[in-house]
Amino acid sequence: MAATTYERLQLHITPEKFYVEACDDGADDVLTIDRVSTEVTLAVKKDVPPSAVTRPIFGILGTIHLVAGNYLIVITKKMKVGEFFNHVIWKATDFDILSYKKTMLHLTDIQLQDNKTFLAMLNNVLSVDGFYFSATYDLTHTLQRLSNTSPEFQEMSLLERADQRFVWNGHLLRELSAQPEVHRFALPVLHGFINMHSCSINGKYFDWILISRRSCFRAGVRYYVRGIDSEGHAANFVETEQIVHYNGSRASFVQTRGSIPVFWSQRPNLKYKPLPQINKVANHMDGFQRHFDSQVIIYGKQVIINLVNQKGSEKPLEQAFATMVSSLGNGMIRYIAFDFHKECRHMRWDRLSILMDQVAEMQDELSYFLVDSAGKVMTNQEGVFRSNCMDCLDRTNVVQSLLARRSLQVQLQRLGVLHVGQKLEEQDEFEKIYKNAWADNANACAKQYAGTGALKTDFTRTGKRTQLGLMMDGWNSLIRYYKNNFSDGFRQDSIDLFLGNYSVDELESHSPLSVPRDWKFLALPIIMVVAFSMCIICLLMAGDTWTETLAYVLFWGVASIGTFFIILFNGKDFVDAPRLVQKEKID
């Protein structure tokens, strides 16, 4: 079986069946889904009834079972990102969720409401930008992994050979994956970021590509998914690959990021920065070793760059990470702690050169992957930098962009694009492309995990910290605070449902969605609205001493009541917590 999926599809709908017709040249296959029995079979074009309602689609994301029954999820719009070694890469931009059932009359009012909520959850995940696919290229693997494969691997379907860490619709494709004869209809979809540019330096044209692959293992939102799980999967794990293609030669440099790999949590409780809690009873070494055993097998040597603060609430996590590395005693793992905020305080971001100088020799040792135009591997990357901060977003992205630039400098010199003595920083046109792409990568990763764009992107885009950048960071921090406390429970439930961490059972006697919200959760937003209204009244009544005084009394009175509620009750009672999957409790 060729490692491709069908690219051109037509969806034919009848009351009894869905027919997905392959319209590629020479194709006669039709995927048939029985809307009653849910059976999936392979048919031919002549089997499609002429009475069917027809529409074009661009891929099958998969199927999922909700309260009302099964649903088919398809890609209805796509946007071309670019071409990758003559393979077209697409971003999915719109989806449709189609019910197998023709009516909802079999549901009670409660079931109808639950089903509506589950559909809203699916749409919530699908509305987050960053779903990518190709019908002819395996986006889930790095160039180096793809270069070290057998002929049998090359003949596998895209679904079979894909790195399951990065197949975000793996759960949705489980029915199709069980039937190899329909694999050409099963489209693996990546979640993360892809940026592709045709660039020129010294009159020499090359393709520059940046790919971030977000893991679907231990996926979730900022404060509800931290640390590792019992299998060693780290929260917010992202593999980022930078690729250069010039005159048939291909070079790549891979880095990873992921949450500090011990058992810890940081549940929202209305505080701006909730206190991180390290589990006092868990076997940290077991999960830690599982994590790094897999990382060493996949990537080779590990150079950990821990960017968290070495004082205050982040200090215990830095100490725990350092202790675990020391206790493990694995020569393949090296640990570097760099207090980003301390070293770069007062906007002295030029001091990041201290870190770059510290790791320069290690980076030379790790090297990069390079294959020439004849397909001969010239060098292999012997390991990766594994960077992290608390969220593995803002500080992490800044450092990753600097490491990637240093690798790119060496690669372009070796390929003959840069002359001897030339610096990448001096190439103004390319520098603009490079900086903006890495800033866009930061924003994409941040929106997917924290719900807002990244912080510190002014440095990534311009090479310096600015006052406007500080103001934008303040705004994004405010939005993060609101989302993390008042909407991330729903987002976490949405991801758990989409990835199969929670499965809907319509026979379940007690739906987790039927648990009523605590009155305190409902009261706080009302208090905040009233307090804000009083503040507006203060401004409108300025100049009238008596009324202004009264307004201030009302404003501060309501604000005080709100503060009293927060003090009287645990702050976590006010936040939007997940309801579908019970997250780890930290003692």
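About the thresholds
- Residues numbered from 1 in each chain as written.
- Predicted model: local features only at pLDDT ≥ 70, side-chain atom pairs only at ≥ 80, totals over all residues.
- Heavy atoms only, no water.
- Core = buried A, V, L, I, M, F, W, Y, C linked by side-chain atoms within 4.5 Å.
- Buried < 20%, exposed > 50% of the residue type's maximum accessible area, 1.4 Å probe, protein only.
- Helix = DSSP H or I, 4+ residues; strand = E, 2+ residues; numbered from the N terminus.
- Contact = heavy atoms within 4.5 Å.
- Expected span 1.5 Å × (residues − 1).
- Bend = angle between axes of the 7 residues up to and from the residue.
- Phe/Tyr/Trp six-rings, centres within 6.5 Å; stacked < 30°, edge-to-face > 60°.
- UniProt positions renumbered as here; feature names shortened; annotations may be inferred.
- Salt bridge = Lys/Arg side-chain N within 4 Å of Asp/Glu carboxyl O.

Visitor: I would appreciate a short explanation of the nonpolar core in the present structure.
Guide: Nonpolar side chains in soluble globular proteins tend to be buried together. Core analysis: the largest hydrophobic core is formed by 66 residues, its most contacted members being Phe-206 and Trp-208. Considering each element in turn, this core owes the most residues, eight residues, to helix H10 (residues 394-415). Excluding its chain neighbours within four sequence positions, the residues that come into contact with Phe-206 are His-197, Ser-198, Cys-199, Ser-200, Ile-201, Val-244, His-245, Tyr-246, Leu-412, Val-417 and Phe-430. In this structure, Phe-95, Leu-172, Tyr-224 and Leu-270 belong to the second largest nonpolar core, which totals 40 residues.

Visitor: What is the right way to look at helix H9 (residues 352-366) in this model?
Guide: Because the α-helix completes a turn every 3.6 residues, residues three or four places apart line up on one side. For H9, built from 15 residues, the straight-helix expectation of 21 Å at 1.5 Å per residue is met to within 8% by its first-to-last C-alpha distance of 20 Å. At Ala-360, H9 shows its largest kink, close to 45°. Those residues of H9 not exposed but buried are Leu-352, Leu-355, Met-356, Val-359, Ala-360, Met-362, Gln-363 and Leu-366. Directly after H9, the chain includes Ser-367, whose backbone phi takes a positive value near 65°.

Visitor: Sorry, what's going on with the packing of aromatic side chains here?
Guide: Applying the stated criterion across every chain, the model contains 17 aromatic pairs. Ring geometry for Phe-84 versus Phe-85: centroids 4.5 Å apart, planes at 40°, classification tilted. Here Phe-84 falls in the buried class, since its relative accessible area comes to 2%. Given the relative accessible area of 10%, Phe-85 is considered buried. Relative to Phe-131, the ring of Phe-95 lies with its centre 5.9 Å away and its plane at 80°, an arrangement referred to as edge-to-face. Taken together, the residues span a long stretch of sequence, with Phe-95 in strand E8 (residues 87-99) and Phe-131 in strand E9 (residues 131-133) at a distance of 36 residues. A relative accessible area of 1% means that Phe-131 is categorised as buried.

Visitor: What is the right way to read the UniProt feature "transmembrane region" (unreviewed entry) in the protein from this model?
Guide: Feature annotation in UniProt assigns "transmembrane region" (unreviewed entry) to the following positions: residues 57-75, 521-543 and 549-569. For residues 57-75, helix accounts for 0% and strand for 84%, while the C-alpha atoms at its two ends are 6 Å apart.

Visitor: What am I meant to see in the pattern of salt bridges here?
Guide: Note on pairing: side chains with opposite charge can pair once their charged atoms come close. Scanning the entire structure with this criterion turns up 26 salt bridges. As a salt-bridge pair, Asp-163 and Arg-165 come within 2.8 Å of each other at their nearest N and O atoms. Of the residues examined, Asp-163 reaches a relative accessible area of 12% and is grouped as buried. Arg-213 is the partner of Glu-239 in a salt bridge, and the nearest nitrogen-oxygen pair spans 2.8 Å. With Glu-239 in strand E12 (residues 238-246) and Arg-213 in strand E11 (residues 204-214), this residue pair connects regions lying 26 residues apart in the sequence. We note that Glu-239, like Arg-213, is buried. Salt bridges here are not isolated pairs; linked through shared partners, they connect Arg-145, Asp-163, Arg-165, Arg-213, Glu-239 and Glu-241.

Visitor: Could you clarify how one ought to interpret the side chain of Asn-441 in this entry?
Guide: By the element assignment, Asn-441 lies in helix H11 (residues 428-449). If we skip the residues at most four places from it in the chain, Asn-441 touches Phe-193, Leu-210, Ser-212, Arg-257 and Asn-397.

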